[in-house]
Amino acid sequence: MLPANQSLSPSLRSCGMWRKRSLLALCRALGEVRRMLAPTGCVRGVRRMLAPPGCVREVRRDASPPRLCEGDEEDASPPRLSHTPLDDDGDLDVARRRPGDASSGWRRERVCPLILTQASGDAEDGCGEEDDGNEEDAPRQDIIRIEHTMATPLEDVGKQIWRGAFLLADFILSRPAEFAGATVLELGAGTGFTSVVMATQAKTVYCTDVGQDLLNMCQRNITINQHLTEAKASEVRVRQLDWMGNDFCTDAEEAFAWTEEEVAHLHDETSLIIAADVCYDDELTDALFRTLYRITSNLRKPSTLYLSIEKRLNFTLRHMEVTCEAYDHFRHCLQELGDMEDGRMQYRVERVLGPVPQFFQYERVEQLELWRVTANQK
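Residues numbered from 1 in each chain as written. Predicted model: local features only at pLDDT ≥ 70, side-chain atom pairs only at ≥ 80, totals over all residues. Heavy atoms only, no water.

**Overview of helix H7 (residues 260-269)**
Okay, step 1: Looking only at H7, the buried set comprises Glu262, Val263, Leu266 and His267. Around the axis of H7, the buried residues are gathered within 130 degrees of arc, so they sit on the same side. Projecting away from the buried face of H7 at angles above 90 degrees are the exposed residues Glu260 and Glu261.
Okay, step 2: Looking at the buried side of H7, the elements it contacts are strand S5 (183-186), strand S6 (204-209), strand S7 (235-240) and strand S8 (270-276). (Buried < 20%, exposed > 50% of the residue type's maximum accessible area, 1.4 Å probe, protein only. Helix = DSSP H or I, 4+ residues; strand = E, 2+ residues; numbered from the N terminus. Arc of directions from axis to C-beta. Contact = heavy atoms within 4.5 Å.)

What follows is the structure, given as structure tokens:
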């Protein structure tokens with residue numbers, strides 16, 4: 001420490017000023033790099049990998065200029081786009097609109113009809129033109145009508161139809177002999193689309209998820225497509241199944257509760273379990289695999305599980321690189337299941353390879369995967 005009557009030499013003062021200016025310039029440069037690398041829709045403090053593509057967020061536009069570092073001059077800052085909102089740290093500032101909030105005068109239709117038809121001809125990229133909705137009122141065996149939402153917050157992702165559900169539906173239609181006459185349990189059924197497709201092959205389908213609103217939507221979809229199940233003399237039962245719970249809900253006062261007879265029938269007759277694109281949160285993925293173990297260990301018959309998933313790549317500020325953490329955790333759980341040695345159950349895990357014929361019009365991306373797990377009691 002210098003004495004009070006002694007000052008820095010001109011060279012030291014110059015060096016200190018140079019270091020201060022260099023640090024300020026480095027701060028501004030890092031802020032610009034993080035701003036350019038941050039993906040649209042990335043919420044600061046929230047892991048974006050938890051929200052699958054399709055969850056719409058709104059960027060908050062602020063007319064006020066960005067804040068400058070202390071001691072910095074306005075004309076010395078690099079130009080910034082006025083329509084790119086940043087917070088105090090230079091991160092992209094994003095706000096999520098609450099469902100049904102029309103305070104700004106902008107509204108979105110929450111529920112939309114979707115008409116799914118079998119693909120015909122050679123459509124580019126696997127996508128065909130959507131039906132115009134003017135078909136005759138008489139039900140057709142090649143059309144599935146699904147009520148769904150176009151965009152949802154994270155907690156309502158089950159109200160959308162994801163590509164993993166299309167892949168699993170294609171696989172079901174390509175293997176009619178494997179599913180014919182079977183009793184099937186679907187976990188995380190969402191809109192019920194995959195259960196409807198399965199009901200065209202199987203005898204009984206337990207279509208399960210959690211949440212009154214979602215299950216109501218699922219039941220409506222089963223009802224408007226019952227002409228497909230009646231033609232096959234099959235049945236779809238919409239039931240509540242919470243992976244965070246430890247048992248089936250049999251409370252008669254609860255909507256979509258199980259009866260004791262249905263629980264017994266499930267354990268006695270089920271040989272197939274399916275789940276389409278349900279692994280996007282580590283806690284839910286852990287709960288899914290606990291549920292799979294609990295159910296398969298109580299089935300009287302050997303069972304086969306089919307799990308579809310889309311490997312989603314996301315850039316995260318936490319790692320400053322592209323990652324796919326939800327997929328990695330799913331693979332980790334699969335490996336643990338295959339390596340399990342508890343003296344009671346034995347699981348064999350394998351990826352379903354080879355081409356799967358495409359019956360529905362959607363984009364079949366290379367990140368889509370289908371996994372098969374066979375479960376046997378020792």
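From this point, the discussion proceeds with the structure in view.
**Notes on the packing of aromatic side chains**
Okay, step 1: Overall, the coordinates contain 11 aromatic pairs when judged by the stated rule.
Okay, step 2: With a centroid separation of 4.9 Å and an interplanar angle of 15 degrees, the aromatic rings of Phe166 and Tyr362 are classed as stacked. With a gap of 196 residues between them, Phe166 in helix H2 (residues 163-174) and Tyr362 in the loop between strand S12 (345-351) and strand S13 (368-377) connect regions that are remote in the sequence.
Okay, step 3: Note on Phe166: relative accessible area 8%, which makes it buried.
Okay, step 4: Ring geometry for Phe179 versus Tyr306: centroids 6.0 Å apart, planes at 65 degrees, classification edge-to-face. Here Tyr306 lies in strand S9 (residues 303-310) and Phe179 lies in helix H3 (residues 176-179), a separation of 127 residues in the sequence. (Phe/Tyr/Trp six-rings, centres within 6.5 Å; stacked < 30°, edge-to-face > 60°.)

**Some thoughts on the pattern of salt bridges**
Okay, step 1: Counted according to the given criterion, the structure contains 15 salt bridges.
Okay, step 2: Taking the shortest distance from any N to any O, the salt bridge between Arg163 and Glu310 comes out at 2.7 Å. Taken as a pair, Arg163 in helix H2 and Glu310 in strand S9 lie far apart in primary sequence, 147 residues in all.
Okay, step 3: Relative accessible area serves as the criterion here: at 28%, Arg163 is assigned to the partly exposed category.
Okay, step 4: Exposure remark for Glu310: the relative accessible area of 9% places this residue in the buried category.
Okay, step 5: Here Glu369 ties to Arg351 by a salt bridge, and the two come within 3.7 Å at their closest N and O atoms. Taken together, the residues span a long stretch of sequence, with Glu369 in strand S13 and Arg351 in strand S12 at a distance of 18 residues.
Okay, step 6: You can call Glu369 buried: its relative accessible area is 7%.
Okay, step 7: Residue classification places Arg351 among the partly exposed residues on the basis of a relative accessible area of 34%. (Salt bridge = Lys/Arg side-chain N within 4 Å of Asp/Glu carboxyl O.)

**Structural notes on the packing of helix H8 (residues 282-296) against helix H9 (residues 325-339)**
Okay, step 1: It is at 10 Å that the axes of H8 and H9 come closest, and there the two elements cross at 25 degrees. Here H8 is positioned roughly parallel relative to H9, judged by the angle of their axes. Between H8 and H9 lies a crossing whose hand is right-handed. Side by side, H8 and H9 meet where Asp282, Thr285, Asp286 and Phe289 of the first sit next to Glu325, Ala326, His329, Phe330, Cys333, Leu334 and Leu337 of the second.
Okay, step 2: Residue composition of the contact of H8 with H9, by class: six nonpolar, two polar and three charged. (Axes fitted to C-alpha atoms, helices over the stretch in contact; angles between N-to-C directions. Parallel < 35°, antiparallel > 145°, perpendicular 65-115°, else oblique. Left-handed = near helix turned anticlockwise from the far one by under 90°. Nonpolar A, V, L, I, M, F, W, Y, C, P; charged D, E, K, R; others polar.)

**Notes on the environment of Thr296**
Okay, step 1: Position of Thr296 relative to the elements: it lies in helix H8.
Okay, step 2: Here Thr296 falls in the buried class, since its relative accessible area comes to 2%.
Okay, step 3: With 81 residues separating them in the primary sequence, Thr296 and Gln377 have C-alpha atoms 8.5 Å apart.
Okay, step 4: Non-local contacts of Thr296, meaning those with residues more than four positions away in its chain, are made with Ile273, Ser303, Leu305, Met345, Tyr347, Ala375 and Gln377.

**Topic: empty space enclosed by the protein**
Okay, step 1: Applying the stated rule across the entire model yields two cavities of 30 Å³ or more.
Okay, step 2: Its boundaries defined by the atoms lining it, the largest cavity holds a volume of some 70 Å³.
Okay, step 3: Around the largest cavity, the lining is made up of 11 residues, and of these Cys279, Glu310, Arg312, Ala326 and Tyr327 lie nearest the centre.
Okay, step 4: Looking at which element gives the most residues to the lining of the largest cavity, the answer is H9, with three residues.
Okay, step 5: The residue makeup of the lining of the largest cavity, split by class, is seven nonpolar, one polar and three charged.
Okay, step 6: Approximately 40 Å³ is the volume found for the second largest cavity.
Okay, step 7: In terms of lining residues, the second largest cavity is bounded by Ala275, Asp277, Val278, Cys279, Leu288, Leu307, Ser308, Ile309 and Phe330.
Okay, step 8: A per-class count over the lining of the second largest cavity returns seven nonpolar, one polar and one charged. (1 Å grid on protein atoms, 1.4 Å probe; cavity = no way out; pocket = protein on both sides within 12 Å on 5 of 7 lines; lining within 4 Å. Points joined across faces, edges and corners; volume = space filled by probe spheres on them.)

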